[in-house]
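One letter stands for each residue in the lines below.
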Amino acid sequence: MDKPIISVVISAYNRPDLLYKTLSSVREQTFDKIEVLVVDDGSEEDLLPIISSFKDDRIKYFKLRHQNANVARNYGIKNSRGKYIAMLDSDDLWLKDHLKDCINSIADSDGLYGSLIIRHLETGNERIVYAREREEKELMINYLLSNGYGAQTSTLFLTTESAKSLLWDEELERHQDYDFIVRYSKEYKLKAKIKPTVIFTLINKTNQIDFNSCIKFIKKNKNDILPLLYVGYNLNMFLLAINQNASKNILKYYQQESTRYKEHLPFHKYLLIYQPKTKRYRCALKIKYLFYILRM
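Before going into details, it helps to say that this report is about the structure given with it. (Residues numbered from 1 in each chain as written. Predicted model: local features only at pLDDT ≥ 70, side-chain atom pairs only at ≥ 80, totals over all residues. Heavy atoms only, no water.)

Observations regarding the overall build of the protein chain
Worth spelling out the cut-off: Only DSSP runs of H or I reaching four residues or more are called helices, and only runs of E reaching two or more are called strands; each is numbered from the N terminus. Accessible area is worked out with a 1.4 Å probe on protein chains only. A residue is then buried under 20% of its type maximum, exposed over 50%, and partly exposed in between. Contact criterion: two residues are considered in contact whenever any of their non-hydrogen atoms come within 4.5 Å of each other. Areas reported here follow the Shrake-Rupley algorithm with a probe of radius 1.4 Å; residue values treat only the protein chains shown as occluding.
Of regular secondary structure, the protein chain possesses 12 helices and 11 strands. Overall, the protein chain is about 75 × 45 × 35 Å in size when its C-alpha atoms are taken along their principal axes. Of all 296 residues assigned to the protein chain, the portion counted as buried reaches 51%. Within the protein chain, residue pairs in contact and separated by at least 24 positions form 74% of the contacts whose partners lie at least 6 positions apart. Counting only carbon and sulfur atoms, one obtains 51% of the accessible surface of the protein chain, whose full area is about 15200 Å².

The structure is reproduced here in structure tokens:
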């Protein structure tokens, strides 16, 4: 096979039915000078029959022992031969012109992040979250925290040289996409691809969140985050931690960080964090809150 222009890197773990749909969307691309690296992160389910069913020698399959998706992504990146790397999660889809649009959009930059079509797996309902170019001097971490889905993995299209120079943090189980794109933005030129050509599959599942990974990531970037965004992020994580019965240390951390910049925290949310059970405690919190605000 001739040397491909694009290497598609797919990390996979179980769910062969979704992998089949993902690979079908790759094979339907109007730009076909590609190789596809499916890196299996030690699935219990057999994915090889899915790969073999396509009878496509552009698709290469590698099975690793189970570690995490970042190890699989890095393996794929390191073994890529194309000029560009297109990242793709094994439960997401591309519209048929995705790679063609990426090739046409990447001029004068090293990488792309893009808009998303979010499709609910069970209902089929869809909504679009649009990416945007960052404002002048806006740091990537603030863009991500203000947008939510601002640079999802399956939208990333990067020069192979740049992707191989950074790689994904294999110690992170959560916020690994945020971490990668924040580090990337500090070294390389990134551009937003506004036209949505990626379908993010939203699956109803309750996975236990690795809060330690989240905390590690946010601590590393703490000094770059705008106070309003910092408070909002930590408040959301505090509520998630309550919902998932996280440890006392995790709850204490998010409680503390949610109230670090009280001037950006409305009083009713301040009460939500401390959840006073008595009028006396509520009154004490109100005095503490007002005293802080008046000192500003």
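Here the narrative resumes, following the displayed structure.
Looking at the pattern of salt bridges
When the charged atoms of two side chains with opposite charge come close together, those side chains can pair. To keep it simple, the criterion reads: By convention in these notes, a salt bridge is any Lys or Arg side-chain nitrogen within 4 Å of a carboxyl oxygen on Asp or Glu.
Per the stated rule, a full pass over the model turns up 16 salt bridges. Between K220 and D179 there is a salt bridge whose closest N-O contact spans 2.7 Å. Linking K220 in helix 8 (residues 211-221) with D179 in helix 7 (residues 176-187), this pair joins segments that are 41 residues apart in sequence. With a shortest N-O distance of 3.8 Å, K186 and D224 are connected by a salt bridge. Here the residue K186 occupies a position in helix 7, and D224 occupies one in the loop between helix 8 and helix 9 (227-243), the gap between them amounting to 38 residues. Through salt bridges with shared partners, a single ionic network connects R27, D56 and R58.

Structural notes on helix 3 (residues 69-78)
Put simply, the rule reads: Identification of polar contacts relies on pairs of N or O atoms within 3.5 Å, with a donor-acceptor requirement for protein atoms, meaning one able to donate a hydrogen and the other able to accept it, and with residues adjacent in sequence counted only if both atoms are side-chain atoms.
Extensive coverage of helix 3 is indicated by the burial of 7 of its 10 residues. Listing the buried residues of helix 3 in full gives N70, V71, A72, R73, N74, G76 and I77. Of the surrounding secondary structure, the elements contacted by the buried residues of helix 3 are strand 1 (6-12), strand 2 (34-41), strand 3 (59-64), strand 4 (84-89), helix 6 (160-166) and helix 7. Of the residues flanking the start of helix 3, the one acting as N-cap is N68, its side-chain oxygen 2.9 Å from the backbone nitrogen of N70.

A few points about a nonpolar patch on the surface
Using the following cut-off: Note that patches include only residues with greater than 30% relative accessible area and no salt bridge, and the join distances are 9 Å for like charges and 5 Å for nonpolar side chains (Val, Leu, Ile, Met, Phe, Trp, Tyr).
Together, I128, Y130 and I194 make up a nonpolar patch on the protein surface, roughly 290 Å² of accessible area in all. Relative to the assigned elements, I128 resides in strand 8 (residues 126-129). A residue is classified by how much of its surface remains accessible, and I128, at 41% relative accessible area, is partly exposed.

Describing the sheet that holds strand 5 (residues 93-94)
The cut-off we apply is this: When DSSP locates at least two bridges between a pair of strands, those strands are taken to pair.
Pairing within the open sheet is mixed, and its 4 strands lie in the order 5-11-7-8. Two strands in the sheet have a free side with no partner beyond their single neighbour: strand 5 and strand 8.

Examining the sheet that holds strand 6 (residues 111-114)
As a reminder, the rule being used: Fitted lines through C-alpha atoms give the axes, limited to the stretch in contact for helices. The angle between two N-to-C directions lies from 0 to 180 degrees.
What the 7 strands build is an open sheet, ordered 3-2-1-4-9-6-10; its pairing is mixed. Each edge of the sheet is formed by a strand with only one pairing partner; in this case those strands are strand 3 and strand 10 (190-193). Sheet twist, expressed as the mean angle between neighbouring strand axes with direction ignored, is 25°. For strand 4 and strand 9 (residues 157-159), the ladder comprises 3 bridges, and the chain directions are antiparallel. Its bridge partner being in strand 9, Y84 is matched across the sheet by T159.

Examining unusual backbone geometry
Both trends apply: most residues other than glycine have a negative phi, and most peptide bonds are in trans. In this structure, K55 takes a positive phi of about 50° despite not being glycine. By the element assignment, K55 lies in the loop between helix 2 (48-53) and strand 3. Exposure remark for K55: the relative accessible area of 76% places this residue in the exposed category. For H175, which is not glycine, the phi dihedral falls at a positive 65°. Here H175 lies in the loop between helix 6 and helix 7.

So, the pairing of strand 6
Side-chain alternation along strand 6 places G111 and Y113 on one buried face and L112 and G114 on a second face that is also buried. Where strand 6 lies against strand 9, 2 bridges are found, and the strand directions are antiparallel. Note on strand 9: the bridge partner recorded for L112 is F157.

A few points about the packing of aromatic side chains
To be explicit about the condition: The pairing test for Phe, Tyr and Trp rings, Trp by its six-membered ring, is centres within 6.5 Å, and the orientation test on the planes gives stacked under 30 degrees, edge-to-face over 60, and tilted for anything in between. Working rule: Lys NZ or Arg CZ, within 6 Å of ring centre, within 35 degrees of ring normal, means a charge sits over the ring.
By the definition in use, this model includes 11 aromatic pairs. With a centroid separation of 5.2 Å and 25° between ring planes, the pair formed by Y84 and F157 is classed as stacked. Placement of the pair is Y84 in strand 4 and F157 in strand 9, with a sequence separation of 73 residues. Joined through ring pairs, the aromatic side chains of W168, F180, Y184 and Y188 make up one cluster. Positioned above the aromatic ring of W168, the side-chain terminus of R73 is 4.7 Å from the ring centre.

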